[in-house]
Structures are given as structure tokens and as C-alpha cells.
Amino acid sequence: MTQKSRAIGLMISAIFCFSIMDVAVKLLAPSVGVLPALWARYAGQMVLVLVLVLPRLKQIVRTRYPLLQFLRSILLMSATAFFFTGISLIPLTDAAALMSTNPVLITLGAALFLGEPLGIRRVAGIAVALVGAMIVMRPGSDVFSASALLPLAAAACYSGYALLTRRVGADEDVWTSLFYTGLVGTVLLSLAVPFQWKSPDVTGMGLMAAIALAGTIGQLALIRAFSQGEAAMLAPFSYTGLAFAAFWGFVFFAEIPDFWTIVGTFIIAGAGLYVWHRETYAKR
């Protein structure tokens, strides 16, 4: 197996693990709420990161951008909270489709805040993706739910996190960024979770363990994927998450996307892939 194939396999494995985590959250939320699920996600990641970086912890905790690290951690935690709340209220496929607007939002944010070029074709790609999101949500219709705004809020927060990660990425060890992401989320959620805590039953404890395990393995696989392959090459494979969401939604929750949800999902994915193609190949 070539290094490129391994990187693609790791990327798809990471997306698969995240989809398992989403299923566990959706199954767990009705019994204990979203906050304990969110805490399990971050506490699990923090434990793994500490185990992996313990030999060089003093080096890892040093950061040149403490404020930016804190802000990016808050944005990622907010994105996760919005998305977890969203999937507890709306179908998995809808939530995954709306969350998939984040690549085009990152492109827009990079132009507004990082001074990256934004030509008419990229603007068109962003506009088309947002049209796809409107088709999935259908505001003003009988099927519209305000809860559908939560995955969009998650996508916006994740885009801000990604832009700050670009800002600090060149000067920081990836493990430093991962450490602070886990640390901030775990500390803040550990302070909040006692006020919303509902003791899970055996099944609930198993689901919390699945959230921690799947989220942590997925995060590790994602890091390994980007260490072995170019980000531009791997980006399109993130859309496999839409297929996983549709499959798990049908298997576990008997969710069958309607015609317009499918249309909107394909429009969002197509616009995202178009923007990716423009950013990757138009510069060469």
C-alpha cells in the first residue's frame, strides 16, 4: 500500500469514527442530555493526548499564542456543542449536510480575515452551497425547524476554528494545538457538567465510552492522515461523512431523507468540491 493510499484510508477511517460518535450522541442525548456527551468527547481526547505527549509535556505546553489557542479551543467546543445539540433534534443526514457548508465558509472567512483571494468563481461556489443549505432547511415551509440552524452555527464556529488554526499552525506543534483544544474543553465542561449531570444506566455508560473512544480514535486517525498526505488531496474524502450519516440514520433511527434533502445535500457537496478544486488546482 502506498503512502497516499494509507493517508486516504486513514482519512476515511477518521470520518467513519466521527460518524459512529455522532450516532452514539444521538442515542445518548434523550436519556442524559447533550452536555454529558460533550464532556465525554473532550475528556476522552484529553486522556489520550496526555498519554501520548507525557514524555515531552513541558515542551508541548509552550505556546507563542496563548490567546489564539484559547479562542480556537472555544470555537471548536462551540462547534461540537452546536452540532451535538443539532443531531439530537434533527435527522443525521440533514445535520451532516448543513455542517458540510464549512469548507465554503472557510474560503469566505479566509478572504475576509486572512486576505486570501476570492474570485467570482469561488463566490459562486459559496452562494450555491448556501442555496443548498436553504433547500435542506426550507425556511418558511412546514418542514422547517429552527433546530436546523444549529448545524449551520456549528459550521460557522468550525470555520473560525480552522482559520485560527491556519494562523497558529505554521508556528506551533500540532500536538500543542491538540493539547489546548482538549484542555480548554475538558476544564470548562468539567465545571459545567455537574449542574446538568444525569447518571447514565449501563447502556448510557457504554455510549459515553463509545463517544470518547470513537472521537479520540477519529482525531488520531485524522492527524495521522494529514501527516502522510496533502490536505488538498484528502479534503474531498471528508464528504464520505454524508454517506455514513445517511446509512446510520436509516439503520438506527429509520430516517429516510426526502427528495429535497437529497438535492440540497448534493448541491452542498458539489459546491464544496468545486471550491476545493479551484483552491487546489487554479493556483497551479
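Here the structure is a predicted model, which means the values were calculated and not measured. (Residues numbered from 1 in each chain as written. Predicted model: local features only at pLDDT ≥ 70, side-chain atom pairs only at ≥ 80, totals over all residues. Heavy atoms only, no water.)

A. Looking closely at the packing of aromatic side chains. Applying the stated criterion to the full structure yields nine aromatic pairs. Between Phe179 and Tyr180, the ring centres sit 5.3 Å apart and the planes meet at 85 degrees, which makes this aromatic pair edge-to-face. Tyr180 shares its class with Phe179; the two are buried. With centroids separated by 5.0 Å and ring planes inclined at 75 degrees, the aromatic side chains of Phe259 and Trp260 adopt a geometry described as edge-to-face. Look at Phe259 and you get exposed, because its relative accessible area is 56%. Accessibility expressed as a relative area gives 46% for Trp260, which makes it partly exposed. Sitting over the ring of Phe253, Lys26 keeps its end group 5.4 Å from the ring centre. (Phe/Tyr/Trp six-rings, centres within 6.5 Å; stacked < 30°, edge-to-face > 60°. Buried < 20%, exposed > 50% of the residue type's maximum accessible area, 1.4 Å probe, protein only. Lys NZ or Arg CZ within 6 Å of the ring centre and 35° of its normal.)

B. Looking closely at unusual backbone geometry. Here the phi dihedral of Ala254 falls at roughly 55 degrees; this positive angle occurs in a residue that is not glycine. For Ala254, the position within the fold is in the loop between α12 (240-253) and α13 (259-281). Looking at Ala254, the relative accessible area reads 61%, which means it is exposed. (Helix = DSSP H or I, 4+ residues; strand = E, 2+ residues; numbered from the N terminus.)

C. Structural detail: the pattern of salt bridges. Following the criterion strictly, the structure yields three salt bridges and no others. Two residues, Asp173 and Arg56, come together in a salt bridge whose shortest N-O distance is 3.3 Å. Placement of Asp173 in the loop between α8 (149-169) and α9 (174-196) and of Arg56 in the loop between α2 (34-53) and α3 (57-60) is noted, with a sequence separation of 117 residues between them. Notably, a salt bridge pairs Asp258 with Arg138, separated by 3.0 Å at the nearest N-O pair. Of the two residues, Asp258 sits in the loop between α12 and α13 while Arg138 sits in the loop between α7 (120-137) and α8, which places them 120 residues apart along the sequence. A residue is classified by how much of its surface remains accessible, and Asp258, at 32% relative accessible area, is partly exposed. (Salt bridge = Lys/Arg side-chain N within 4 Å of Asp/Glu carboxyl O.)

D. Main features of the nonpolar core. In terms of nonpolar packing, the biggest core is built from 57 residues, with Phe84 and Ile211 touching the most fellow members. Among the elements that take part in this core, helix α1 (residues 3-32) stands out by supplying 13 residues, more than any other. Beyond its immediate sequence surroundings of up to four residues, Phe84 is in contact with Met21, Asp22, Val25, Val34, Ala37, Leu38 and Arg41. Counting nine residues, the second-largest nonpolar core is a separate cluster that includes Met46, Val53, Leu178 and Phe179. (Core = buried A, V, L, I, M, F, W, Y, C linked by side-chain atoms within 4.5 Å. Contact = heavy atoms within 4.5 Å.)

E. Quick look at the side chain of Arg72. Relative to the helices and strands, Arg72 is located in helix α4 (residues 66-87). Lacking a salt bridge, the buried Arg72 has Glu172 as its closest oppositely charged neighbour, with an N-O distance of 8.0 Å. Side-chain polar atoms of Arg72 contact the side chain of Thr165, separated by 3.1 Å. Beyond its immediate sequence surroundings of up to four residues, Arg72 is in contact with Tyr161, Leu164, Thr165, Val168, Ser177 and Thr181. (Lys, Arg positive; Asp, Glu negative; His and termini not counted. Polar contact = N/O pair within 3.5 Å; in protein donor to acceptor, adjacent residues only side chain to side chain.)

F. Looking closely at the environment of Ala14. The topology assignment puts Ala14 in helix α1. Each C-alpha atom, one on Ala14 and one on Val174, is 17 Å from the other, the two residues being 160 residues apart in sequence. Every residue in contact with Ala14, bar those within four places of it in the chain, is listed here: Gly218, Ala221 and Leu222.

G. Main features of the packing of α1 against α12. Between α1 and α12, the shortest axis-to-axis distance is 9 Å and the interhelical angle comes to 35 degrees. Crossing of α1 over α12 shows right-handed handedness. Touching Ile12, Ile15, Phe16, Ser19, Ile20, Val23, Lys26 and Leu27 of α1 are Thr240, Gly241, Phe244, Trp248, Phe252 and Phe253, all from α12. Classifying every residue of the contact of α1 with α12 gives ten nonpolar, three polar and one charged. (Axes fitted to C-alpha atoms, helices over the stretch in contact; angles between N-to-C directions. Left-handed = near helix turned anticlockwise from the far one by under 90°. Nonpolar A, V, L, I, M, F, W, Y, C, P; charged D, E, K, R; others polar.)

H. Representation of the packing of α2 against α4 in the model. Contact pair α2 / α4: the axes reach a minimum separation of 10 Å and the direction vectors enclose 135 degrees. As far as their axial angle goes, α4 and α2 are oblique. Pair α2 / α4 crosses with right-handed handedness. Every residue of α4 that contacts α2 at Val34, Ala37, Leu38, Arg41 and Tyr42 is listed here: Leu76, Met77, Thr80, Ala81, Phe84 and Thr85. Class assignment for the residues of the contact of α2 with α4 results in eight nonpolar, two polar and one charged. (Parallel < 35°, antiparallel > 145°, perpendicular 65-115°, else oblique.)

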